[in-house]
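Summary of structural features
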Amino acid sequence: MKPYKMVGLLEEEYNKIVEILGREPNETELAMYGVMWSEHCSYKNSRALLKLFNTKGLRVLQGPGENAGIVDIGDGFAIAMKIESHNHPSAVEPYQGAATGVGGILRDIFTMGARPIANLNSIRFGELKDEKTKKLLRGIVRGIGDYGNCVGIPTISGETVFNKCYNDNPLVNAMSVGILEKKDIKKGTARGVGNSVMLVGHTTGRDGIGGASFASCDLTRESEENRSAVQVGDPFMEKLLMEACLELIKTDCVVGIQDLGAAGLTSASCETASRGGSGIEIDVARVITREKGMTPREIMISESQERMLVIVEKGKEDKVFEIFNKWGLHAVVIGRVTDDGMLRVLENGKVVAEVPASSLADGSPVNYRSYRRPKYMDKLSNMDIANLPCPENLSETLITMLKSPNIASKEWVYSQYDYMVGTDTVVVPGGDAGVLRIKGTKKGIALTVDCNSRYCYLNPYEGAKSSVCEAARNITASGGRPIAITDCLNFASPEDEGVYYQFRNSILGINEASRILDTPVISGNVSFYNQSEKMAIYPTPTIGMVGIVENIENSMDIHFKDKGDSIILVGE
Amino acid sequence: MLKAYIDVTLKKSILDPQGTAVKEGLSKLGFEVETVRIGKHIEVTLNDMNRENAEKLIDEMCLKLLINPEIEVYSYRIEEE
Amino acid sequence: MLKAYIDVTLKKSILDPQGTAVKEGLSKLGFEVETVRIGKHIEVTLNDMNRENAEKLIDEMCLKLLINPEIEVYSYRIEEE
Amino acid sequence: MKAGVVVFPGSNCDSDVYSVLKELGADVKYIWHGEDKIDVDLLVLPGGFSYGDYLRCGAIARFSKILEGIYDYVENGGYVIGICNGFQILTELKLLPGALLKNMDLKFICSDCILEVSNDNTFFSRLYKKGERVNFPIAHGEGNYYADDETLKELERNNQIVFRYVNNPNGSRNDIAGIINKKGNVLGMMPHPERRASSLLGGTDGIRLFKGMIESFK
Ligand SMILES: Nc1ncnc2c1ncn2[C@@H]1O[C@H](COP(=O)(O)OP(=O)(O)O)[C@@H](O)[C@H]1O
């Protein structure tokens, strides 16, 4: 096999790399392009369309493009929020896949300088009667719970959906929300020639190598052998890392901070350099490795969890050592910021890779894919509801409906999540949105995550639009005013014209609702290739939403309160 | 009766947070050791059968339920009870 | 180097719901077994020392940290690495 | 009364208890696990996952520097309350008998939970009435209290069981949710009274526990 194929690149992509470098890339460089130009990291099949999103608003302090979006909630406070998929890893190792999904999204929040205060999750499975589904459900729920519970972040809302289209491709979308004082916003940028680049947190191992490209592949037999792609989460380490980073951010030594997620050190270094318009030089020999004999290539693309890259003002490194030492964590200077725009990787002082940072971060070719309205839509939209027979025994039908896993109570799920830790949860799971109080103010925030993928299948545009509306209704019903959206777009292969039609129209649908409701999209994530040889998932654009509750005393739950109270149905 | 003693451990390349924490715990108590890895120990009692069949059975159980070959490996011994 | 393979199990008198759950899981897959008990498997690598000292050390570690004698028992073997 | 909330690596209910004590006007501070002097009247071991609860809950935290002096402190009459992970640490320290096993159905459980006060004649529970039912939430994966028959008999005989579950959620023997040592100055409990200290958060049943302790010192 051609070397570029082994790292998941196409011939024309390889040619573009040669053009950028003016030479053939070496093995390390090729691997770095492979992970950065994968669908998962480069958004090459979605970037063009994501530009359509309504991302502006008076409250928006940080839109898409950073680790998380940030909105102003007044009183000097802001909310950081982001949702992300961990579908493929969870299909292979439900417990660890889901757990590391939570870990990743938490880091996205605290890199922004925000303290995580709530987690949400949207999980989708095949039919519950299958043993395989049960095993996935148990593992995924336990993984989400154990990780969030251990770090001490309440999981206050979510959704759990069953449909046979997810039989081979369960979905795990993890969302996290944090609070910060507006003045404390941090970004993932590297600036200031000579400033230090530090790697903090866990050691670097061979786990998760190739994970980013793995996330963008169909789940076929091959991936079952792709064994090193699964990582084990360490929530205890995450908790320490979170406390240490939040303490560090309060000092004046941090220039930029970025977590190491997909594509590890490669992505963190080229993204921070590219955002800051600078270059970075790192020496892999300084990275603390878990195993002996790791090559520069392995170190650069390892996806070991619970690590962060911190850009520190020159001369203030000691402060970082002090704080990380207190928390019992590693911190090492692995390089420095330069002004030549290059990501230069050294091994004991010898250059082993050197590429323009921005070409890795944003240089991948953008695909403008063609799309076509899928045929099934015509067939389904021609169905006449009037022809459906009315059930004879309505009481029986009601009971059947209530028993359906999609309608029945999800207490089995959320009772495994600590939804009260932190003592801010005012409206607990089991209702519409979760509501948290904001200590020190009269306010609260309402949070929800919603999608009706069946509607999205019937009509992607209307379905996506109605998912935004459903989220907004959940927020409003809990006493909040919707202010912003984070979205996770789960779809099948973008190479399929019908799927791309679903994708495009879902974005347009979200966009219309988002404009009308004045809820800009401030962050999000795309997950393609959620399909197996047998089937593709329904289009599933999951909407995470935050709303402000001006007076927390006025938040509302769904329970009937007193005998004799009137019940009124409002709306159309 | 036969008894199988099965040990399940994480693959070598995979991080073992429990082991790391315990290693540090031991060190605090003054025990300096090289590495600690923590896994599961499973004891299964089987009805009498020949050893070969027992081994086949245990292998099957491991691969089907007891371990996830993505991240774990196993080994076992079988003894008469 | 020496490697100690330590197995920690719940005392016999204590219920092991995890074992019971796995037994049921196995039975659903068609594996009928008598009993399943689940415990921990701990591998500790030690620097070279004589076997007697190693055993003393492992016993100490177990009693001090690795097990809770109130509920657990342990056994181990030591091998050259 | 001076109170100190110990912060272990992995504690996560530390600030929850701290806030409640503070709101009630107590003189309260955080105590880092690496400190070596217990200079308070009430030591709180909060909930969370100290050292990740890897190996066994509380097993590693038990060896923290700050806890080296706890035996003397207790011997001299200092008060200790361990909530959730704190209870687990207290059993690992052998300051309370027994151990906490995995919940019977093997799942982490977070929910409201009705308890019955079995002993109202303690430093901690004096503002409740024996037989009274209170609602404190639980949130734990390993809260299944176990002690051998002999120990259970002794606990019953000495009236050391302070709280019992009305509907046993985790398999605890004798429905035990919280116990006290013989001397009466160390309480361990799985449920979280600090989570029921505000009507906004579903109730105030937990407040009296903290008030009772504070008032004893006045
Ligand atoms: N995976 C989950 N995590 C946390 N809470 C959940 C989860 N699934 C469901 N819930 C809770 O149960 C409530 C009801 O869920 P669901 O039956 O999907 O209702 P709805 O369709 O009204 O959103 C949700 O609003 C949420 O509070």
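The numbering scheme is per chain: residues are counted from 1 as the chain's sequence reads. Each chain is given a letter, starting from A, and each ligand a number, starting from 1, according to the order in which they appear as written. Given that the model is predicted, a residue must reach a pLDDT of at least 70 before its local features are reported, and side-chain atom pairs must reach 80 or more before they are shown or counted; all residues, however, enter totals for whole chains, interfaces and linings. Side-chain figures throughout are based on the complete set of non-hydrogen atoms in the structure, without hydrogens or water.

The next subject is the overall build of chain B. Helix and strand assignments follow DSSP, with helices taken as H or I runs no shorter than four residues and strands as E runs no shorter than two, numbered in order from the N terminus. Looking only at helices and strands, chain B has two helices and three strands in total. Beginning at the N terminus, the succession of helices and strands in chain B can be written as β-α-β-α-β. Put simply, the radius of gyration uses C-alpha atoms, and a globule should come to 2.2 Å times the residue count raised to 0.38. Compactness check: chain B gives a C-alpha radius of gyration of 16 Å against a globular reference of 12 Å for 81 residues, more than 25% above the reference. Dimensions of chain B, computed from the C-alpha atoms along their principal axes, are close to 45 × 30 × 15 Å.

With five residues of chain D at the contact, the number on the chain B side is eight residues. Buried area: the accessible area, evaluated with a 1.4 Å probe, that two parts lose upon being put together, summed over both parts. Between chain D and chain B, roughly 610 Å² of surface is buried when both sides are summed, and carbon and sulfur atoms account for 76% of that area. Whenever a carboxyl oxygen of Asp or Glu lies within 4 Å of a side-chain nitrogen of Lys or Arg, that contact is scored as a salt bridge. One can count zero salt bridges joining chain D with chain B. Contacts described as polar in this section are N or O atom pairs within 3.5 Å, which, within protein, must combine one atom able to donate a hydrogen with one able to accept it, while residues neighboring in sequence count only if both atoms come from side chains. Across the contact surface, chain D and chain B share two residue pairs in polar contact (both at pLDDT 80 or more). For this classification, Asp, Glu, Lys and Arg are treated as charged, while Ala, Val, Leu, Ile, Met, Phe, Trp, Tyr, Cys and Pro are nonpolar and the rest, including Gly, are polar. The class makeup of the residues in the side of chain D that touches chain B is five nonpolar, no polar and no charged. Here a residue-residue contact requires only that any non-hydrogen atoms of the pair lie within 4.5 Å.

What follows is about the relation of the copies chain C and chain B. Here the copies are superposed with least squares, the fitted atoms being C-alpha atoms of residues at a pLDDT of at least 70 in both. Expressed as a screw operation, the relation of chain C to chain B combines 0.0 Å of axial shift with a rotation of 180 degrees, fitting to an RMSD of 0.2 Å. One copy is carried onto the other by what is essentially a two-fold rotation axis. Most of the interface of chain C is mirrored in chain B, where 100% of its interface residues again form contacts.

Below, the discussion takes up the sheet that holds strand E15 (residues 434–437) of chain A. Pairing between the strands of a sheet comes from backbone hydrogen bonds, and it takes one of two forms, parallel or antiparallel. Residues and elements named next belong to chain A. The six strands lie next to each other as E14-E15-E16-E19-E17-E18, forming an open sheet whose pairing is mixed. Each edge of the open sheet carries a strand with a single partner, namely strand E14 (425–427) and strand E18 (521–527). Put simply, the sheet's adjacent strands are angled 25 degrees from each other on average, direction ignored. Together, strand E16 (444–450), strand E17 (481–490) and strand E19 (540–549) form the strand contacts of helix H20 (residues 460–477), whose direction differs from that of E19 by roughly 30 degrees. A pair of strands is labelled paired if DSSP reports no fewer than 2 bridges between them. Under this scheme, a helix contributes an axis fitted over its contacting stretch, all axes are lines through C-alpha atoms, and angles between N-to-C directions fall in the 0 to 180 degree range.

Right, let's talk about the packing of aromatic side chains for a bit. Any two rings among Phe, Tyr and Trp, with Trp reduced to its six-membered ring, count as a pair given centres within 6.5 Å; such a pair is stacked if its planes are under 30 degrees apart, edge-to-face if over 60, and tilted if neither. In the structure shown here, the tally under the stated rule is 24 aromatic pairs over all chains. The rings of Phe-491, Tyr-500, Phe-503 and Phe-528 of chain A are connected pair by pair, giving a single aromatic cluster. The side chain of Lys-326 of chain A reaches across the aromatic face of Trp-32 of chain D, ending 5.0 Å from its centre. Here, a charge over a ring is recorded when the distance from Lys NZ or Arg CZ to the ring centre is within 6 Å and its angle to the ring normal is within 35 degrees. Taking NZ or CZ as reference, Arg-77 of chain C lies 4.4 Å from the ring centre of Tyr-5 of chain C, over its face.

Moving on to the environment of Gly-192 of chain A. Along the polypeptide, Gly-192 of chain A turns up in the loop between strand E6 (171–181) and strand E7 (196–201). Along the chain, Gly-192 of chain A and Glu-11 of chain A lie 181 residues apart, while their C-alpha atoms are 37 Å from each other.

All names here are of chain D. With numbering matched to this structure, UniProt assigns "active site" (unreviewed entry) to Cys-84, His-192 and Glu-194. A stretch of 111 residues holds the annotated residues, and the largest C-alpha distance among them is 11.1 Å, short enough that they meet in one place. Within the secondary structure layout, Cys-84 lies in the loop between strand E4 (79–83) and helix H3 (85–92). Remark: exposure states derive from per-residue accessible area (1.4 Å probe, protein chains only) relative to the maximum for the residue type, with buried under 20%, exposed over 50%, and partly exposed in between. Residue Cys-84 is classed as buried on the basis of its relative accessible area of 7%. Apart from residues lying up to four places away in sequence, Cys-84 is in contact with Gly-47, Ala-139, His-140, Met-189, Met-190 and His-192. We classify Glu-194 as buried; its relative accessible area is 2%. UniProt positions are given in the numbering used here, feature names are shortened, and annotations may be inferred rather than shown by experiment.

Take the state of the cysteines next. In a disulfide, the sulfur atoms of two cysteines are held together by a covalent bond. For the purposes of this analysis, a disulfide is any pair of cysteine sulfur atoms at a distance within 2.5 Å. Tallied over the entire structure, the rule returns zero disulfides over all chains. No disulfide involves Cys-456 of chain A; its sulfur sits 4.3 Å from the nearest other cysteine sulfur, which is in Cys-451 of chain A. Given the relative accessible area of 0%, Cys-456 of chain A is considered buried. Considering cysteine sulfurs only, Cys-84 of chain D is the nearest to Cys-110 of chain D, which forms no disulfide, with 10 Å between them.

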